[in-house]
Amino acid sequence: MNRILPAFCVMAVATAAAAQTSESAYDSDFLRGTLETGQPGGDVEDGAAGDDFLIFDGASDAAASNAAGSKVSPGAQKAASDNKTASGNEVRGSGRTSSANRITDTRAGPVPPSRPIQSAGPLAPVAPAAPLTTGSIGAATDRDAPFGGDTLRDQPQGIRVGTFLLYPELILRAGASSNVEGVAGGEGGTLARVEPSLRLSSDWDRHSLEATFRGTFTGYPDPPAGTSSSESSAEASATLRIDAGEVTTLETRAGYTVSPESQSSPESAGGAKRTYQHGVSGSLAVTRDAGLVAVTLRGNLDATLYSGGTEVGNRDNMVASGSVRLGYNLRATLSPFAEATVLGRFFDDGSKRNAKGYALRSGLGLNAGPKLTGEVGIGWRSEDLEGAVYKKLQGLLADADLVWSPSRLTTVRLNASTAFEASSLAGASGSLVHSGTLSVAHSLTNDLAVTVSGGVARRDYQGVELSELTYTGSALATYAISDIAALQAQYSFERVDSSRVGQDYNSHTIEAGVRIRR
């Protein structure tokens, strides 16, 4: 009895260990077969949906792999050939084994075949919550676009007409000025201003057409004695770009401007009638951009005409010019360039002020996305007049047009230009005008925006001792009261310092009104 009891205990422990090993092997192979075939238990005999699940030893697995055409090591093939049952049946890759090697799971009865696990569909993204707003402060419509100086609420939406978009606008203002005439010792008075404008933009897959028109009419209800009761100005332009190929672009432009000349100008002989300056321009350019190098050929015609007032002499003239520009795309954001121009100036009266000349200019183009864009250039221009009594009209060229957006709601813009203008003064070859303007626009809320600007311009006559220095400044506030209307208030200042004695003056103007646009 003492020997039987220990032996019985040893047999019980061995039996339990064997059962635990068989159950672990079953669970492992069951899981492996489910992952590999999509069916629980791995390979099952054909038509045996409710049959017992089978567990293969290493030799059986090797035989199954060999039957499926996969490569098996020689050792595994030998183990499969040696694994015969007592009845002489060989283990087959279909999953059959002898009754001695078959283990039946009797815990839950036959298990029906399960369907393959279906993959879950993608989760729909969670929409971000709308930002909380207080008063008129809200989310911006375009976080990547730089602020243009207008309120976000009444941004123009445009009116679609076929494949074009029309952007109409009308500004109505009233105010007062301390110097209505803009002359030394000028008197103050009230004013009313009307400014209509219209912009046309194409919506084409290729090519583009842009056209703009803006007019200004200013009336003076109580003008000073001997002065005009109104003045007007207008500008119109159109640009057509044609994509002639992958690297070739054609661009043609036409424009017209008319504006009153200052009554304090040395070119004016005085009088009640204002002198108006008309500008007519046209150009044709061909650009071939081959990647690193871009070449542009351009031809320009610019005519300047004067009408309406009493002048010292005839200044009507036309300038014809041809230019070639070479640009190099040094980086994605930098493009240095060099430009050469030949030109000729012709006067209507055939005077000895006709001239031939040239201009050389170089600079840098910037394109750093919405943060910084524009172009700066510097050079030299010279015009050699026919008359021996006239000096060359020449001087430094300085041009810039830069837009910097330090933040999404703030924009800083710098403009600089150089103009060569004809003169009718005795002994004068003409005048050079160097001007620059710096403006800062900021959006306080979606409804309220402010713009502050300041500028300076210097005019120097060549051939005579005469110069003028003009300072300007303005502050504009715009408050949108709806999606199409906004209230505006503006203060502007002008000061002229002239080398002529008694020609200096100041002017202060305050205006308020409404802007309507679509």
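These numbers come from a predicted model, not from an experiment.

Peer 1: Quick question: what am I supposed to make of the overall build of the protein chain here?
Peer 2: Check the secondary structure of the protein chain and you find 3 helices and 19 strands. For the protein chain, the share of sequence-separated contacts (at least 6 apart) that also reach a separation of at least 24 residues comes to 55%. As displayed, the protein chain offers around 29,800 Å² of accessible surface, 59% of which is attributable to carbon and sulfur atoms.

Peer 1: Looking at this model, I keep getting lost on the pairing of strand β10 (residues 334–347). Mind explaining?
Peer 2: Consecutive residues of a regular strand have side chains that alternate between opposite faces of the sheet. Here strand β9 (residues 317–328) runs beside β10; their pairing, made up of 11 bridges, is antiparallel. Each residue of the ladder has a partner; that of G322, found in β10, is V342. Linkage of β9 to β10, two consecutive antiparallel strands, is achieved through a turn of 5 residues.

Peer 1: What should I look at first to understand a nonpolar patch on the surface in this one?
Peer 2: Nonpolar side chains collect at one region of the surface, where I242, L250, V286, L292, V293, V295, L297, V324, L326, Y328 and L330 lie side by side and expose about 870 Å² of accessible area between them. Of all the secondary structure elements, the ones that give two or more residues to the nonpolar patch are β8 (293–307) and β9.

Peer 1: I would appreciate a short explanation of the environment of A340 in the present structure.
Peer 2: Mapped onto the elements of the fold, A340 is located in strand β10. What makes A340 partly exposed here is its relative accessible area of 31%. A sequence separation of 22 residues divides A340 from S362, and the C-alpha atoms of the two residues are 8.7 Å apart. Setting aside chain neighbours within four positions, we find A340 in contact with G322, S323, V324, A359 and L360.

Peer 1: I'm lost on empty space enclosed by the protein in this one. Help?
Peer 2: Empty pockets left among the atoms are what a rolling probe the size of a water molecule brings to light. Counted by the stated rule, this structure contains 3 cavities of 30 Å³ or more. The computed volume of the largest cavity comes to approximately 70 Å³. Residue composition of the lining of the largest cavity, by class: 2 nonpolar, 4 polar and 3 charged.

Peer 1: Quick question: what am I supposed to make of the side chain of E468 here?
Peer 2: By the element assignment, E468 lies in strand β17 (residues 467–480). Other than its neighbours up to four places away in sequence, E468 contacts S264, P266, A457, R458, R459, D497, S498 and R500.

Peer 1: Got a minute to help me understand the pairing of strand β18 (residues 485–498) in this structure?
Peer 2: Pairing of β17 with β18, which is carried by 13 bridges, proceeds in the antiparallel orientation. Residue T478 lies in a different strand from β18, and its bridge partner there is Q488. Connecting β17 to the antiparallel partner β18 that follows it, the hairpin turn spans 4 residues. With 12 bridges connecting them, β18 and strand β19 (residues 505–517) associate as antiparallel partners. In the strand pairing of β19, S492 is matched with T509.

Peer 1: Just to check I follow, could you spell out the environment of A359 for this structure?
Peer 2: One can find A359 in strand β11 (residues 355–368). Between the alpha carbons of A359 and L343 there is a distance of 8.1 Å; along the sequence they are 16 residues apart. Each residue touching A359, except ones within four places of it in the same chain, is listed here: E339, A340, T341, W380, R381 and L397.

Peer 1: Before we go on, may I ask you to explain the confidence of the model for the protein chain in this structure?
Peer 2: It should be kept in mind that the predicted coordinates are not to be read in detail where pLDDT is low. Scored by pLDDT, the protein chain has a mean of 78; 70% of the residues are at 70 or more. When mean pLDDT is taken per element in the protein chain, strand β4 (residues 208–219) scores highest with 97 and helix α2 (residues 58–67) scores lowest with 40. Predicted confidence for residues 1–144 stays below pLDDT 50, and this span has 91 contacts to residues more than four positions away or in other chains.

Peer 1: I'm lost on unusual backbone geometry in this one. Help?
Peer 2: With the exception of glycine, the majority of residues adopt a negative phi angle, and the majority of peptide bonds are in the trans configuration. Unusually for a residue other than glycine, H207 sits at a positive phi of about 65°. The exposure class assigned to H207 is partly exposed, which follows from its relative accessible area of 27%.

Peer 1: Would you take a moment to explain the packing of aromatic side chains for this structure?
Peer 2: Two measures describe an aromatic ring pair: the distance that separates the ring centres and the angle between the ring planes. On inspection of all chains with the given rule, the structure shows 1 aromatic pair. Geometrically, the ring pair formed by F164 and W204 is edge-to-face, given 5.5 Å between the ring centres and 75° between the ring planes. Of this pair, F164 sits in strand β2 (residues 164–177) while W204 sits in the loop between β3 (189–202) and β4, placing them 40 residues apart in sequence. Since its relative accessible area comes to 30%, W204 is described here as partly exposed. The residue whose ring lies beneath R199 is Y167, and the NZ or CZ to ring-centre distance is 4.1 Å.

Peer 1: I'm lost on the nonpolar core in this one. Help?
Peer 2: Soluble globular proteins: nonpolar side chains tend toward being buried together. Formed by A355, A359, L385, Y390, L393, L397, F420 and L432, the largest nonpolar core amounts to 8 residues. Elements represented by at least two residues in this core include exactly β11 and β13 (393–407).

Peer 1: Can you help me understand the environment of V194 in this one?
Peer 2: Along the polypeptide, V194 turns up in strand β3. Between the C-alpha atoms of V194 and T218, which are 24 residues apart in sequence, the distance is 6.6 Å.

Peer 1: Please explain the pattern of salt bridges as it appears in this structure.
Peer 2: Pairing between side chains of opposite charge can happen when the charged atoms of each approach one another. The full count for this structure, using the stated rule, is 22 salt bridges. With a closest N to O distance of 2.8 Å, R160 and D203 form a salt bridge. Taken together, the residues span a long stretch of sequence, with R160 in strand β1 (residues 159–161) and D203 in the loop between β3 and β4 at a distance of 43 residues. When its relative accessible area of 40% is taken as the criterion, D203 is described as partly exposed. Between E421 and R459 there is a salt bridge, and its shortest N-O distance comes to 2.9 Å. Remark: R459 occurs in strand β16 (residues 448–462) and E421 occurs in strand β14 (residues 410–421); sequence separation between them is 38 residues. Its relative accessible area of 21% is what places R459 among the partly exposed residues. Overlapping salt bridges, with partners in common, bring together D150, D154, E169, R515 and R517 in one network.

Peer 1: What am I meant to see in the side chain of T248 here?
Peer 2: Within the fold, T248 resides in strand β6 (residues 248–260). Residue classification places T248 among the buried positions, given a relative accessible area of 16%. Not counting residues within four places of it along the chain, the set of residues in contact with T248 comprises I242, D243, V286, T287 and R288.

Conventions and cut-offs
- Residues numbered from 1 in each chain as written.
- Predicted model: local features only at pLDDT ≥ 70, side-chain atom pairs only at ≥ 80, totals over all residues.
- Heavy atoms only, no water.
- Helix = DSSP H or I, 4+ residues; strand = E, 2+ residues; numbered from the N terminus.
- Contact = heavy atoms within 4.5 Å.
- Areas by Shrake-Rupley, 256 points an atom, 1.4 Å probe, with all protein chains shown as cover.
- Pairing = 2+ DSSP bridges.
- Patch = residues over 30% accessible without salt bridge, like charges linked within 9 Å, V, L, I, M, F, W, Y side chains within 5 Å.
- Salt bridge = Lys/Arg side-chain N within 4 Å of Asp/Glu carboxyl O.
- Buried < 20%, exposed > 50% of the residue type's maximum accessible area, 1.4 Å probe, protein only.
- 1 Å grid on protein atoms, 1.4 Å probe; cavity = no way out; pocket = protein on both sides within 12 Å on 5 of 7 lines; lining within 4 Å.
- Points joined across faces, edges and corners; volume = space filled by probe spheres on them.
- Nonpolar A, V, L, I, M, F, W, Y, C, P; charged D, E, K, R; others polar.
- pLDDT = per-residue confidence, 0-100.
- Phe/Tyr/Trp six-rings, centres within 6.5 Å; stacked < 30°, edge-to-face > 60°.
- Lys NZ or Arg CZ within 6 Å of the ring centre and 35° of its normal.
- Core = buried A, V, L, I, M, F, W, Y, C linked by side-chain atoms within 4.5 Å.

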